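Analysis of the macromolecular model
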Amino acid sequence: MGKIIRGRVFKYGDDINTDVIFPGKYTYSITDPAEMAKHALEDLDPEFAKKAKPGDVIVAGKNFGMGSSREQAAQCLVALGIGAVIAKSFARIFFRNAINNGLLAIQSEETSRALETGDEIEIDVEKGEIRSAKGTFSFPPLPPSVLEIFEAGGLIPYIREKIGRKG
Amino acid sequence: MGKTIAEKILSEHAGKDVKSGDLIIARVDVAMVQDGTGPLAVEAFNRMKLKALANPERSILFIDHAAPSPRKELSNAHKILREFADKHGAVLSEVGEGICHQRLIEDFVKPGDVVVGADSHTCTSGALGAFATGMGSTDVAIAFGLGKVWMKVPETHRFVLKGKMPSGVFSKDLILYIIGMIGADGATYKAMEFEGEVIENMTMEARFTLTNMAVEAGAKTGLIATDETTRAYLRERNRESDFREIKPDPDAIYEKTYEIDVSGIEPRVSFPHTVDNTKPISEAKGVKIDQVYIGTCTNGRIEDLRIAAEILRGKKVAKGVRLIVIPASRNVYLKALKEGLLEVFVEAGGAVLSPGCGPCVGIHQGVLADGEKVLSTQNRNFKGRMGNPNAYIYLASPATAAATAIKGEIADPREYL
């Protein structure tokens, strides 16, 4: 596949929860992806959605995505074109939702510590490498089953492919 | 080799012997969505071209997070759920029937079940000896259509609770204490198993408060072995035949074991903006509060309302404080009505609303103004949780909430009991 992601870093802290990623009050009223993108991380950094460009990467501390199961938390980042989230660790429901929606979620303590807002980085998904002026960091490649879902663009296209093949 | 509760239930549902760390495909007994996550699940179900429900009578759509609907957009979301339930023969839980997790434990979940829900607090049902976990809408759509999900069998952290719960201290205080101790990611991906003499002496209602908040420590689920208390709870709901013995093997392997003596625990309060930011009441007393909310899937059960009513009986809510009380389900509401508890709240100056999630999700029924402080019996106090990122949320037990409503500032319930 050889997928390379290029973008700038937006750095945040520990325990970034789904209420600040995509507030519950919007879950009903905002369903259009373009509109969802505008509210990404609204209660944490109101400037984020205006400044982020496709390919940009969120770098955070531990337990990214804790809290609600709302899938919109992953979807709003995908809609904004966010290339990946790199964190020291992830909350489990968010991690599943990220995979299911084709959002790359990389666990790397080292990278999380090293990178700061504004750093330019390049992620080589196949090699499991993050390259930046601050050094090159490796991350364990995704397990094959998860990589398959990611490459299909998420769980929905993945399942459709599977059912299509069968049918 | 011995098994934990999680390993036992998941082995049954994977159709083979599994242990922690294994990736499995598990059969699902109960799958559910609510009105915040349901429309997305319906969309995913349709986009995946799934045709029918694997298990319609145990596929449930709950209208609880914004019920009754405050706006046309939400009314349209509710309509999507009603039409889906109607078309596929799923169970619909309507406006006023109550919060999904409360309804699940009352009428749907059996010991030994695997339950997946598009709501993070699905772990509540774990106190019935069921493996219950929250997932996203797409995952639950698959469970609806295929009757199974993939998951990793979690390692288990065991919490052995010893001693006697002091007067004025409740299971809410205990779980806030535990989360404060291990942190908001202290059990990420793990199952939390609660046991010991404290659990043996604890009512089902109080046990649900513990498992409800397992996710606030990052856990995949919270679990409690079944016993005569579980059986009595099911009997009261006219479903004793659902009872099964579910318990860990004596030689089960735990990743971690915590032994906690509860005798010295004080009432606890979580300060803004994380659940693990918890302090003893002695350090919380005196914080001026604008609104008190008693209810939710954490603490909106009959026992919670009884405790709060006992403190509020014959008293008045302090000037400048709004008290909102919401029974977690219609069943709880009816009981509270018959026992005269609602009368106590109304006479004290409270606003009693119909069953549902209420202000906890920040959509309606008590959104806070900028700079306001609320003390709530809910499970989560993240910034913006209750609809305003410029408000401050404190978490505590129903007893502490009732005492606080009377005093107008965070108060020690032991002074009122």
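Residues numbered from 1 in each chain as written. Chains lettered and ligands numbered in written order. Predicted model: local features only at pLDDT ≥ 70, side-chain atom pairs only at ≥ 80, totals over all residues.

With respect to the overall build of chain A
Put simply, the rule reads: Segments assigned H or I by DSSP are reported as helices when at least four residues long, segments assigned E as strands when at least two residues long, and all are numbered from the N terminus. Atoms counted for the radius of gyration: C-alpha only. Globule rule: 2.2 Å times residue count to the power 0.38. Buried means a residue has 20 or more other C-beta atoms within 10 Å of its own C-beta, exposed means 12 or fewer, and partly exposed covers the counts in between; C-beta atoms are placed from the backbone. We call two residues in contact when the distance between their C-beta atoms, placed using the backbone, is within 7 Å.
Counting secondary structure elements, chain A contains 8 helices and 7 strands. Taking 2.2 N^0.38 as the reference for a compact globule, 167 residues should give roughly 15 Å; the C-alpha atoms of chain A span a radius of gyration of 15 Å, in line with that estimate. In terms of overall dimensions, chain A has C-alpha extents of about 50 × 40 × 25 Å along its principal axes. Relative to its full complement of 167 residues, chain A shows a buried share of 52%. Across chain A, contacts joining residues at least 24 apart in sequence account for 68% of those joining residues at least 6 apart.

Things to note about unusual backbone geometry
Here the amide bond leading from A67(B) into P68(B) is cis, since omega sits at -5 degrees, within 30 degrees of zero. You can see P68(B) is positioned in the loop between β3 (59-62) and α3 (72-88). In the segment running from P272(B) into H273(B), the intervening peptide bond is cis, with an omega of 0 degrees. Looking at the element boundaries, H273(B) is found in the loop between β12 (268-270) and β13 (278-280). Despite not being glycine, D15(A) shows a phi value in the positive range, around 55 degrees. Relative to the assigned elements, D15(A) resides in the loop between β1 (4-11) and α1 (18-21). Accessibility expressed as a C-beta count within 10 Å gives 24 for D15(A), which makes it buried. Although it is not a glycine, N63(A) sits at a positive phi angle of roughly 60 degrees. Of note, N63(A) is situated in the loop between β2 (57-60) and α4 (72-79).

Observations regarding the sheet that holds strand β4 (residues 104-107) of chain A
Residues and elements named next belong to chain A. How we decide: At least two bridges found by DSSP between two strands are what make those strands a pair. Between the N-to-C directions of two axes lies an angle of 0 to 180 degrees, each axis being a line fitted to C-alpha atoms and, for a helix, fitted only over the stretch in contact.
Judged by pairing direction, the sheet is mixed, and its 7 strands sit side by side in the order β4-β3-β2-β1-β5-β6-β7 without closing on themselves. Two strands bound the open sheet, and with one partner strand each, they are β4 and β7 (135-138). Pairwise comparison of adjacent strand axes, ignoring direction, gives a mean angle of 25 degrees for this sheet. Alignment of β2 against strand β3 (residues 84-87), held across 4 bridges, turns out to be parallel. Residue V57 lies in a different strand from β3, and its bridge partner there is A84.

Regarding helix α5 (residues 137-146) of chain B
All names here are of chain B. Across the 10 residues that make up α5, a large majority, 9, are buried. By the burial criterion, the buried members of α5 are S137, T138, D139, V140, A141, I142, A143, F144 and G145. Of the residues one or two after α5, G147 is the one with positive phi, at around 70 degrees.

Notes on the sheet that holds strand β10 (residues 221-223) of chain B
All names here are of chain B. Judged by pairing direction, the sheet is parallel, and its 4 strands sit side by side in the order β10-β9-β8-β11 without closing on themselves. What marks the edges here is a single partner per strand, and that holds for β10 and β11 (256-261). Between one strand axis and the next, the sheet turns by 20 degrees as a mean value, whatever way the strands run. Inspection of the sheet shows strand β8 (residues 156-162) paired to strand β9 (residues 191-195) by 5 bridges, in the parallel sense. Of the residues in β9, the one forming a bridge with V160 is E195.

As for the interface of chain B and chain A
Contacts between the two partners involve 38 residues from chain B, matched on the other side by 31 residues from chain A. Secondary-structure elements contributing two or more residues to the side of chain B that touches chain A are α2 (38-47), α3 and α5 of chain B. Looking at the side of chain B that touches chain A, the element that brings in the most residues is α5(B), giving 4 residues.

Some points on the nonpolar core
What counts, and what does not: Note on terminology: a nonpolar core is a set of buried residues of type Ala, Val, Leu, Ile, Met, Phe, Trp, Tyr or Cys, with members joined through C-beta atoms within 7 Å. All domain edges in this entry derive from an automatic or database-based domain assignment.
Ranked by internal contacts, the top residues of the largest apolar core, which has 197 residues, are V85(A), V140(B), A308(B), L312(B) and A402(B). When residues of this core are assigned to domains, at least three fall in each of domain 1 (5-242 + 254-260) and domain 2 (269-415) of chain B. In this structure, V140(B) is in contact with A31(B), V33(B), A41(B), V116(B), G117(B), A118(B) and M135(B), ignoring residues within four places of it in sequence.

Such coordinate-based values are descriptive only and should not be taken to indicate function.
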